[in-house]
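Coordinates in review
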Amino acid sequence: MNPSLDITGDVCPMTFVKVKMALQKIAPSGQLNVMLREEALKNVISSLKAEGHKVILTERRDTVFLLEVEKNAAGA
Amino acid sequence: MNEADYKELKKGGMMRQKEAGLFSVRLHVVGGQLTAGQLRAIEEAADRFGRGTVHLTSRQGVEIPFVPTDSLAALKEFLSRSGVGVGVCGPTVRTVTACQGCRVCPSGAIDSPALADAVDRQFYGKPVPHKFKVGISGCANNCIKAEENDIGIKGFVQPRWSGNACTFCNISEAVCPTKVVRIPEDSGSVEAVDLAGCIGCGDCIEACPSGAMAEESRGYQIFAGGKFGRIPSLGKKILGILRTPEEVVAAIAAVVDFFRAHGKAKERFGATLRRTGLPALEINIKERMVRNP
């Protein structure tokens, strides 16, 4: 079971800050589930992609999206 | 000095002030860019010929106010020696405004200052029926407010969807601000973006987790006939997405000639367009661009 993070109650830039902090506790290539609202999608995903992480699976429940983030292999 | 003299001075960027015998002198600024050397010259000029102040205009220009009539010639001479041009007013092509563009701004899709230079070189100060303003925004965020200009330009990022890479997560649909992304049910279809309503912001590309939504190309979206002033009206989208700065300059040349042919004195370009209709302009531009590609 992946560790999971709920940022549905947060706004930019705390959304990505929290994702970043959660990823720090995860080993390289490890996974994190992130639950977020539609408004945070673009910034969170583009920031994750820019840092070399992969968003490998997504699922939608109404206006809440579930992302499965795979941390980059460098572990940075 | 008679009214005709004042008018001539105004065309050359020397604006009569409320108080007789004083002028606010407009400088030539392109896309809001000045070198530190030019700024030092402007500083000295404001001290020597004005009252030590400058005014930053609403369209990225600089004026030196409180210059006495008998200092105008000396100021002009001083500025020209220092590499600072004097501006224009009256029925001419005015200051070309621009953002910092893709060389500086992370959002920039086009090199707006370079395009501003090209437009300025060809059109600045040229006579037209009424004042004519060009503004260039590097992306859909539109910091320069393209639609307030007689000709406005915006950088445009065109997305392309590849079904075989798509995970059908619907994220690009969710982030699209104009809701023109419709991901098809199956990967065999090709069209996922209704480009007619696309503003070229690139959000769908940025948000797509799988890379299925990718950048197809970058280009220039053109708006015509906008103004602000007493009765504001926004410019309308014309032509498709242009691909090169050369195409943009050619399109503006066609627009300026169209305005010269159909515009009346004291009539802004938007009013001319309301008389002729947009299609007349677009047909004219396209014919010209086909003749001189």
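Just so we're clear, the structure is a prediction, and the values are computed from it rather than from any experiment.

**Some thoughts on the environment of Asp186 of chain B**
All names here are of chain B. Inspection of the secondary structure puts Asp186 in the loop between helix H5 (171-175) and helix H6 (203-207). A relative accessible area of 42% places Asp186 in the partly exposed class. Sequence separation between Asp186 and Phe168 is 18 residues, and the spatial gap between their C-alpha atoms is 8.6 Å. Contacts of Asp186, omitting those with residues within four sequence positions, involve Trp161 and Phe168.

**Let's talk about the environment of Lys71 of chain A**
Residues and elements named next belong to chain A. By the secondary structure assignment, Lys71 is in the segment after strand E4 (64-70). Separated by 2.7 Å, the side chain of Lys71 and the backbone oxygen of Leu23 make a polar contact. In terms of polar contacts, Lys71 uses its side chain to reach the backbone carbonyl oxygen of Ile26, at 2.7 Å.

**Re the interface of chain A and chain B**
With eleven residues of chain A in contact, the opposing surface of chain B contributes twelve residues. The contact between chain A and chain B buries some 960 Å² in all, and 58% of this surface belongs to carbon and sulfur atoms. Considering only the surface of chain A that becomes buried against chain B, Lys42, Lys49 and Thr58 of chain A emerge as the three largest contributors, covering 46% of it. Linking chain A with chain B are one salt bridge.

**A short note on the nonpolar core**
Within the largest apolar cluster, 36 residues are counted, with the highest numbers of intra-cluster contacts made by Phe132, Ile136 and Ile153 of chain B. The biggest single contributor to this core is helix H7 (residues 245-262) of chain B, with ten residues. Once you skip the residues sitting within four places of it in the chain, Phe132 of chain B turns out to touch Thr92, Val93, Arg94, Asp150, Ile151, Val255, Val256, Phe259 and Phe269 of chain B. Residues Phe65 and Leu67 of chain A together with Cys169 and Ile171 of chain B belong to the second largest nonpolar core, which totals 24 residues.

**What about helix H2 (residues 38-50) of chain A?**
The first and last C-alpha atoms of H2 of chain A sit 19 Å apart over 13 residues, in line with the 18 Å expected at 1.5 Å per residue. Of all the residues in H2 of chain A, the buried ones are Ala40, Leu41, Val44, Ile45, Ser46 and Leu48 of chain A. On its buried side, H2 of chain A packs onto helix H1 (14-24), strand E2 (31-37), strand E3 (54-61) and E4 of chain A together with H5 and H6 of chain B. Positive backbone phi, at 85 degrees, marks Gly52 of chain A, one or two positions downstream of H2 of chain A.

**As for the sheet that holds strand E9 (residues 236-242) of chain B**
Residue and element names in this part refer to chain B. Taken together, five strands build an open sheet; the order of strands is E5-E6-E7-E8-E9 and the sheet is mixed. On the outer flanks of this sheet lie strand E5 (93-98) and E9, each paired with one strand and no other. Taken over all neighbouring pairs, the strand axes of this sheet differ in orientation by 25 degrees on average, direction set aside. Judged from the eleven bridges that link them, strand E7 (residues 151-161) and strand E8 (residues 213-224) form a sheet pairing that is antiparallel. Across the sheet, Pro159 pairs through a bridge with Glu215, a residue of E8. Against the sheet, helix H4 (residues 112-123) contacts E5, strand E6 (132-137), E7 and E8, and its axis sits at roughly 170 degrees relative to E5.

**Here we look at the packing of helix H2 (residues 36-49) of chain B against helix H3 (residues 72-81) of chain B**
All names here are of chain B. Two elements in contact, H2 and H3, have axes whose closest approach is 10 Å; the angle formed by their N-to-C orientations is 165 degrees. As summarised for this structure, H2 and H3 are arranged roughly antiparallel, according to the angle between their axes. The hand of the H2/H3 crossing is right-handed. Contacts between H2 and H3 pair Ala41, Glu44, Ala45, Arg48 and Phe49 from the former with Ala74, Leu75, Phe78 and Leu79 from the latter. For the contact of H2 with H3, the class distribution of residues is seven nonpolar, no polar and two charged.

**What to know about the environment of Gln158 of chain B**
Residue and element names in this part refer to chain B. Its location among the elements puts Gln158 in strand E7. Separated by 132 residues in sequence, Gln158 and Val290 place their C-alpha atoms 23 Å apart. Beyond its immediate sequence surroundings of up to four residues, Gln158 is in contact with Leu195, Ile205, Ala214, Glu215, Glu216, Ser217, Ile241 and Arg243.

**Some points on the pairing of E2 of chain A**
Residue and element names in this part refer to chain A. Here E2 shows one buried face, formed by Leu32, Val34 and Leu36, and one open face, formed by Gln31, Asn33, Met35 and Arg37. Pairing analysis gives three bridges linking strand E1 (residues 4-6) to E2, with the strands arranged parallel. Paired with Asp6 across the two strands is Met35, which belongs to E2. Pairing geometry for E2 and E4, over seven bridges, is antiparallel. Its bridge partner lying in E4, Asn33 is registered against Glu68.

**Topic: the confidence of the model for chain A**
Per-residue confidence for chain A gives a mean pLDDT of 89; residues scoring 70 or more make up 97%. Within chain A, the element-level pLDDT minimum falls on E3 of chain A, averaging 81, and the maximum on E2 of chain A, averaging 93.

**Focus: the sheet that holds strand E4 (residues 62-68) of chain B**
Residues and elements named next belong to chain B. The strand order across the open sheet formed by four strands is E1-E2-E4-E3, and the pairing between neighbours is antiparallel. Where the open sheet ends on each side, the last strands, each with one partner, are strand E1 (14-16) and strand E3 (55-56). Bridge count between E3 and E4: two bridges; the pairing is antiparallel. Looking at E4, one finds that His55 is bridged to Glu63. Of the strands in this sheet, E1 and strand E2 (22-26) are in contact with helix H1 (residues 3-11), which crosses E1 at around 135 degrees. Contacting E1, E2 and E4, H3 crosses the sheet at an angle of about 145 degrees to E4.

Cut-off values and rules
- Residues numbered from 1 in each chain as written.
- Chains lettered and ligands numbered in written order.
- Predicted model: local features only at pLDDT ≥ 70, side-chain atom pairs only at ≥ 80, totals over all residues.
- Heavy atoms only, no water.
- Helix = DSSP H or I, 4+ residues; strand = E, 2+ residues; numbered from the N terminus.
- Buried < 20%, exposed > 50% of the residue type's maximum accessible area, 1.4 Å probe, protein only.
- Contact = heavy atoms within 4.5 Å.
- Polar contact = N/O pair within 3.5 Å; in protein donor to acceptor, adjacent residues only side chain to side chain.
- Buried area = accessible area lost by both parts, 1.4 Å probe.
- Salt bridge = Lys/Arg side-chain N within 4 Å of Asp/Glu carboxyl O.
- Core = buried A, V, L, I, M, F, W, Y, C linked by side-chain atoms within 4.5 Å.
- Expected span 1.5 Å × (residues − 1).
- Pairing = 2+ DSSP bridges.
- Axes fitted to C-alpha atoms, helices over the stretch in contact; angles between N-to-C directions.
- Parallel < 35°, antiparallel > 145°, perpendicular 65-115°, else oblique.
- Left-handed = near helix turned anticlockwise from the far one by under 90°.
- Nonpolar A, V, L, I, M, F, W, Y, C, P; charged D, E, K, R; others polar.
- pLDDT = per-residue confidence, 0-100.

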